Amino acid sequence: MDEFHVCSLPGQESFGALVTELDPASLTDPAIRQALRELWIEKGVVVFRGAPGGLDTQLALSEIFGEAQVHPMMAGTDIASVHKAIAPVEFAPEEGNIYEVNGELLGGYLPWHFDGAYVDRINHGGILRPHVLPNRGGDTGFIDQIAAYALLPDALKARIEGLSVVYSYQPDFTKAKFGSRVDRLVQMSSLFREGTKHASVQVRAIHPLVYVQAGTGRKVLHVSPWFAEGIEGMENAGGDALLTEVIAHVLKPELMYFHKWQADDMVLWDNWRMLHCATGVPPGETRKMGRTTIVGDYGLGRREVMAF
Ligand SMILES: [Fe+2]
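From N to C terminus, the chain includes six helices and 20 strands. Expected size for 308 residues packed as a compact globule is a radius of gyration near 19 Å; at 19 Å, the chain falls within 12% of this value. The principal-axis extent of the C-alpha atoms belonging to the chain is close to 55 × 45 × 40 Å. A buried classification covers 52% of the 308 residues belonging to the chain. Taking the contacts inside the chain whose residues are at least 6 apart along the sequence as the reference set, 84% of them involve residues at least 24 apart.

As structure tokens, then:
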């Protein structure tokens with residue numbers, strides 16, 4: 001098989017991989033495809049650097065990891081898209097989200113989360129590729145929740161055994177109950193505002209706080225600070241304090257990698273395992289990315305059943 005080169009991510013030895021020298025013509029080779037799938041599950045996030053071919057390579061790569069999915073918030077909207085499998089991830093000063101975070105105005109900022117926590121079926125990941133990069137800022141952060149679980153104190157592991165977390169769609173980060181604090185909402189994008197009306201977000205979703213990764217047996221600490229409302233059956237001060245304590249163990253610098261984008265990068269991640277965030281840009285900047293979404297369902301999410 002044609003080889004590609006793999007090394008660790010800058011400053012992060014415990015998860016993730018940087019792939020270079022990948023020839024798009026080799027993506028039909030079954031051995032290459034299998035090696036890439038194994039790398040994705042083993043490492044959680046894979047940065048492809050310098051692969052030619054742009055959108056075509058992004059689509060060909062994504063298809064290796066699963067069928068493409070149209071984002072539930074994008075279906076039926078008229079948002080301009082370069083391809084039906086590509087969801088735009090864009091900040092433009094006149095339209096995008098702007099928040100004040102730690103005294104700084106940030107466009108396109110997104111707090112730590114996994115995609116789709118507020119629905120029962122969680123997609124398996126995606127590949128993000130830049131179209132327009134800002135002059136400053138605009139990093140994408142990743143946290144490994146397998147490493148996060150391994151580093152939890154044993155007493156805390158015992159206390160969270162068997163618990164689940166309740167999620168709902170919340171477009172305003174200042175109202176998030178958990179995770180990093182956001183000072184102020186300055187401007188909300190219409191995409192986020194309209195999202196609250198979508199049929200898929202009208203019932204809360206529930207996901208286990210810990211689950212076992214298929215194929216490897218590794219335990220994943222599975223909590224999205226953004227969208228979390230509390231622990232199922234413990235939506236009270238005690239439950240909130242426990243979830244706050246767990247999330248404090250997740251949001252540790254040693255579990256993080258912040259990707260500084262280059263024009264010829266693509267980043268693949270495992271959404272069942274990794275948290276991600278967007279650090280945002282100064283509000284005068286423009287940042288335009290396109291992402292594929294890899295269809296899938298880890299089979300452990302459910303809808304809240306209301307008692308009447
Ligand atoms: Fe996301």
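On we go from here.
Considering the arrangement of structural elements, one finds isoleucine 122 in the loop between β7 (110–113) and β8 (125–132). Residue class for isoleucine 122 comes out buried when judged on its relative accessible area of 0%. Those residues within four positions of isoleucine 122 in sequence are excluded, and the remaining contacts are Phe114, Asp115, Gly116, His207, His222, Asn271, Trp272, Gly296, Asp297 and Tyr298.

Bound to the iron ion are the protein donor atoms His113 (NE2), Asp115 (OD) and His276 (NE2), situated 2.1 to 2.2 Å from the metal. The sequence pattern formed by the donor residues of the iron ion is H-x1-D-x160-H. In this pair, aspartate 115 sits in the loop between β7 and β8 while histidine 276 sits in strand β18 (residues 274–278), placing the two residues 161 residues apart along the sequence. Owing to a relative accessible area of 10%, aspartate 115 belongs among the buried residues under this scheme. Residue classification places histidine 276 among the buried positions, given a relative accessible area of 8%.

Alternating positions in strand β10 (residues 164–167) separate into two faces, Ser164 and Val166 on one and Val165 and Tyr167 on the other, with burial throughout. Inspection of the sheet shows β10 paired to strand β12 (residues 205–208) by four bridges, in the antiparallel sense. Its bridge partner lying in β12, valine 166 is registered against isoleucine 206. As defined by bridge partners, β10 adjoins strand β15 (residues 228–231) across three bridges and the pair is classed as antiparallel. Counterpart to valine 165 in the pairing with β15 is isoleucine 231.

Here we come to the nonpolar core. In a soluble, globular protein the nonpolar side chains are often hidden away together inside. With 50 residues, the main nonpolar core has Ile160, Leu209, Leu221 and Leu243 as its most contacted residues. Looking at this core element by element, the count peaks at five residues for helix α6 (residues 237–250). Filtering out sequence-adjacent residues up to four positions away, leucine 243 remains in contact with Val165, Phe178, Leu209, Val223, Ala228, Gly230 and Ile231. Phe4, Leu27, Leu39 and Ala51 belong to the second-largest nonpolar core, a separate cluster that totals 19 residues.

The rules behind each value
Residues numbered from 1 in each chain as written. Predicted model: local features only at pLDDT ≥ 70, side-chain atom pairs only at ≥ 80, totals over all residues. Heavy atoms only, no water. Helix = DSSP H or I, 4+ residues; strand = E, 2+ residues; numbered from the N terminus. Rg over C-alpha atoms; globule rule 2.2 N^0.38 Å. Buried < 20%, exposed > 50% of the residue type's maximum accessible area, 1.4 Å probe, protein only. Contact = heavy atoms within 4.5 Å. Donors = N, O, S within 2.8 Å, 3.2 Å for Na, K, Ca; no water. Pairing = 2+ DSSP bridges. Core = buried A, V, L, I, M, F, W, Y, C linked by side-chain atoms within 4.5 Å.

None of this, on its own, says anything about what the molecule does.
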